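One letter stands for each residue in the lines below.
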Amino acid sequence: MNLVHPNCINKPQFPPSPVSIHGVPLPQRNRKLSAVRVSNFAASTTEVVVDNGTAKRSLVSSTDAQNKAIPLGKSSSAMEQLDIERGVCIPFRKYSPEIVRNKVLESRGAVASLILRGVEIVWNLGLYWSSLMYDCLVGRDKEVVPFRARQLRNLLCDLGPSFIKAGQVLANRPDIIREDYMNELCILQDDVPPFPNQVSFNIIEEELGQPLEAVFSKISSQTIAAASLGQVYRATLRASGEDVAVKVQRPEIEPIIYRDLFLFRTLASFLNGISIQKLGCNAELIVDEFGEKLLEELDYTLEARNIEDFLENFKDDHTVKIPRVYKNLSGSRVLVMEWIDGIRCTDPQAIKNAGIDVNGFLTVGVSAALRQLLEFGLFHGDPHPGNIFAMRDGRIAYVDFGNVAVLSQQNKQILIDAVVHAVNEDYAEMANDFTRLGFLASGTDVSPIIPALEAIWQNSAGKGLSDFNFRIVTGQFNKLVYNYPIRIPERFSLVIRSLLTQEGICFTLKPDFKFLEVAYPYVAKRLLTDPNPALRERLIQVLFKDGVFQWKRLENLIVLAKENVAKMSSNPALQVKNVSSSRSWQIKSKLDLTDTIKDGARLFLFDEGIRRQLLLALTEDSKLHVQELVDVYRLVEDEIDIPSVAVEVVQDLPNLVRDFLLSWSNSVLSDR
């Protein structure tokens, strides 16, 4: 049965990972199945299971999806452009300009409400814009920036949840708004007025279909946290006595959101010319990105699925805590989750008093963030200090999964390509990576951007890992955004915000923390140990520069990878609790290079180009480089279980012979 929607034909799909490198076939190893959604908006209807990099799509029916989703074929060209950028195809979606328009214009009363709302918005924003123009006329525009930024934040709060959310998004969009305003709007991410408790409790009872006291033996009289779309209470389940977090959506928010999205997109249609000139894309596309994320966060059933996805991804990682979700007590407006009893990351003294090793905890946090980004392609989009906790056993805990982002297999591979190009100082290819990721419109001349990228990277990385700072790099990149037609796609604005926020948390806990000193060892381990053929290809690109094998780079990769394993193994959360788990832990406590050695040997035997380059590396400058080989062996001798490798080689011998005969027959036929 073909489960791919007809509208997806001839549109970008998840590209299958290569099963060969340089034409050399690699063995298909058993790999863990992982569920990854094509899009959070398709979560109710579409799921992708990735096995060996191949996407298999299954359609899941739900009443809610049937009511709200429409076929992709009815979406606008701006939406299709987003699909192309992301490298995925969405057969059904909950957001489209047509859905928004139909919802808003479904009755005469709705039209009247729309007109009144439009007048309110235009009047308030018009007054604010007039004050900015007056500041420019009298020459005081620079000195009143802090006041005007604060005034804008208060105005967005007064205009309601859609504008609060828009302000939160603008706080991470240096391509749209200047930095001093961004800093003020960041306050909206943590400081939003709550709505009355009784209103919240009524919504909970409506969703659960029973009185509050029948479900909870107690519930907090004050909100634990308040956000633009909802607020959170702490409660105790009457049936089990477990403490839970109860998230409640703001009342009557959906009609307001749809109405405001319609007005946003109508306004954007008049700004397309300016947007294309400044950002390289039309303004409607930016509104569509915003609308998708906003409607996703409105449906708490999607957030419940986000939590389940994170639980699945980290089920074998004992350093990460993800709360359970009580689906039988949750709905589209109420979400009940396990209560996380951790320490806020903004309190370094409490973390130290709890006996938590700060260095180990930071290593766990950075590794978890990089796994989300580069391994799973599903990452937490709002990891501010209120959403990340330190558990007393050394684990890191995440809460609030309403705002997550999905990266396709293609996007993940391009990000890894960008890392490789940065290591190799190939700035022309880095610029092309920006186009492939959607920062630049297709066909844009990247030659003027290459020197700017080179200057940013060399100024930041040239000083060494000890002085590398994401915030400084981001500040320099913001200037680049203003000078060139660069648009930051929504998913990557979340990536940037996520990395900046987590780096800020790291600095709070340890002021001299070096992010790359933790990130590089993780990437090194990934390149050396991941059996994915795509990563094997990138490892070769790192080890060969201008056709010359980089011995020192290989040694550095091994040292960094061993460092990551050592730091992770020292975390108390990974200490063996019982005998049954000790065997698996012993395997994880070493840098397992078995598959890498086997694949390297296979390439050496079958790939004439690789074999020639390695032999040249051993005989470079008219001398045998035996010492380099010895140095590499000494680095890995403790990590290699020789008997185990020998057994696996013997077991793989039939495949090796078959591949050798195929390679030989192909070469004979090609010669003729």
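Residues numbered from 1 in each chain as written. Predicted model: local features only at pLDDT ≥ 70, side-chain atom pairs only at ≥ 80, totals over all residues. Heavy atoms only, no water.

> Help me out: how do you make sense of the overall build of the protein chain in this one?
Each helix and strand in the protein chain was counted, giving 29 helices and 20 strands. Here the protein chain has roughly 31,300 Å² of accessible surface; of this, 56% comes from carbon and sulfur atoms. (Helix = DSSP H or I, 4+ residues; strand = E, 2+ residues; numbered from the N terminus. Areas by Shrake-Rupley, 256 points an atom, 1.4 Å probe, with all protein chains shown as cover.)

> What should I look at first to understand the sheet that holds strand β12 (residues 320-321) in this one?
Strands in a sheet are paired, the pairing made by backbone hydrogen bonds, and the direction either parallel or antiparallel. The four strands are arranged β12-β17-β16-β14 in an open sheet whose pairing can be described as mixed. Single-partner strands in this sheet number two, and they are β12 and β14 (343-344). In the sheet, strand β16 (residues 388-390) pairs with strand β17 (residues 396-398) via three bridges, with the strands oriented antiparallel. Residue Ala390 lies in a different strand from β17, and its bridge partner there is Ile396. Relative to the sheet, helix α15 (residues 358-376) contacts β12, β16 and β17, its axis offset from that of β17 by approximately 45 degrees. (Pairing = 2+ DSSP bridges. Contact = heavy atoms within 4.5 Å. Axes fitted to C-alpha atoms, helices over the stretch in contact; angles between N-to-C directions.)

> Looking at this structure, I do not really get the pairing of strand β13 (residues 334-338). What am I missing?
Looking along a regular strand, one sees the side chains alternate between the two faces of the sheet. β13 sits mainly inside the fold: five of its five residues count as buried. The pairing of strand β11 (residues 243-249) with β13 spans five bridges and is antiparallel. Bridge pairing links Val248 to Val334 in β13. (Buried < 20%, exposed > 50% of the residue type's maximum accessible area, 1.4 Å probe, protein only.)

> Explanation requested: the pairing of β11 in the structure shown.
Most of β11 sits inside the fold, with six of its seven residues counted as buried. As paired strands, strand β10 (residues 230-237) and β11 are joined by seven bridges and run antiparallel to one another. When the sheet's bridge partners are listed, Arg234 is paired in β11 with Ala245. With antiparallel pairing between neighbouring strands as the criterion, β10 and β11 make up a hairpin whose turn holds five residues, including Gly241 at a positive phi of roughly 80 degrees.

> Help me understand the side chain of Arg153 in this model?
Assignment of secondary structure puts Arg153 in helix α5 (residues 145-159). A relative accessible area of 14% means that Arg153 is categorised as buried. Those residues within four positions of Arg153 in sequence are excluded, and the remaining contacts are Glu184, Leu185, Ile187 and Leu188.

> Would you explain unusual backbone geometry in this entry?
Comment: phi is negative for the bulk of residues other than glycine, and the bulk of peptide bonds are trans. Of note in the backbone geometry, Glu252 takes a positive phi value of approximately 50 degrees without being a glycine. Positionally, Glu252 belongs in the loop between β11 and α10 (253-269). Phi angles above zero are rare outside glycine, and Asp400 is one such case at about 65 degrees. If you trace the backbone, Asp400 turns up in the loop between β17 and β18 (404-406).

> Can you walk me through the confidence of the model for the protein chain in this structure?
Should the pLDDT be low somewhere, the predicted coordinates at that spot are not to be read in detail. Residues with a pLDDT of 70 or more make up 74% of the protein chain, whose mean pLDDT is 75. When the criterion is pLDDT under 50, residues 30-75 qualifies, and its contacts beyond four places in sequence or with other chains add up to 132 contacts. Between residues 576-587, whose pLDDT stays under 50, and residues either more than four places distant or in other chains, the model counts five contacts. (pLDDT = per-residue confidence, 0-100.)

> How should the pattern of salt bridges be read in this particular structure?
Side chains that differ in sign of charge can pair as their charged atoms come close. As enumerated under the stated definition, the model contains 25 salt bridges in all. For Glu303, the salt bridge is made with Lys247, and the minimal N-O distance between the two is 2.9 Å. A residue pair is termed long-range when its members are at least 10 positions apart, and Glu303 in helix α13 (residues 300-313) and Lys247 in strand β11 qualify at 56 residues. On the basis of relative accessible area, Lys247 is assigned to the buried category, the value being 12%. We note a salt bridge from Arg265 to Glu284, for which the minimum N-O separation is 3.5 Å. You can see Arg265 sitting in helix α10 and its partner Glu284 sitting in helix α12 (residues 283-298), a full 19 residues away along the chain. (Salt bridge = Lys/Arg side-chain N within 4 Å of Asp/Glu carboxyl O.)

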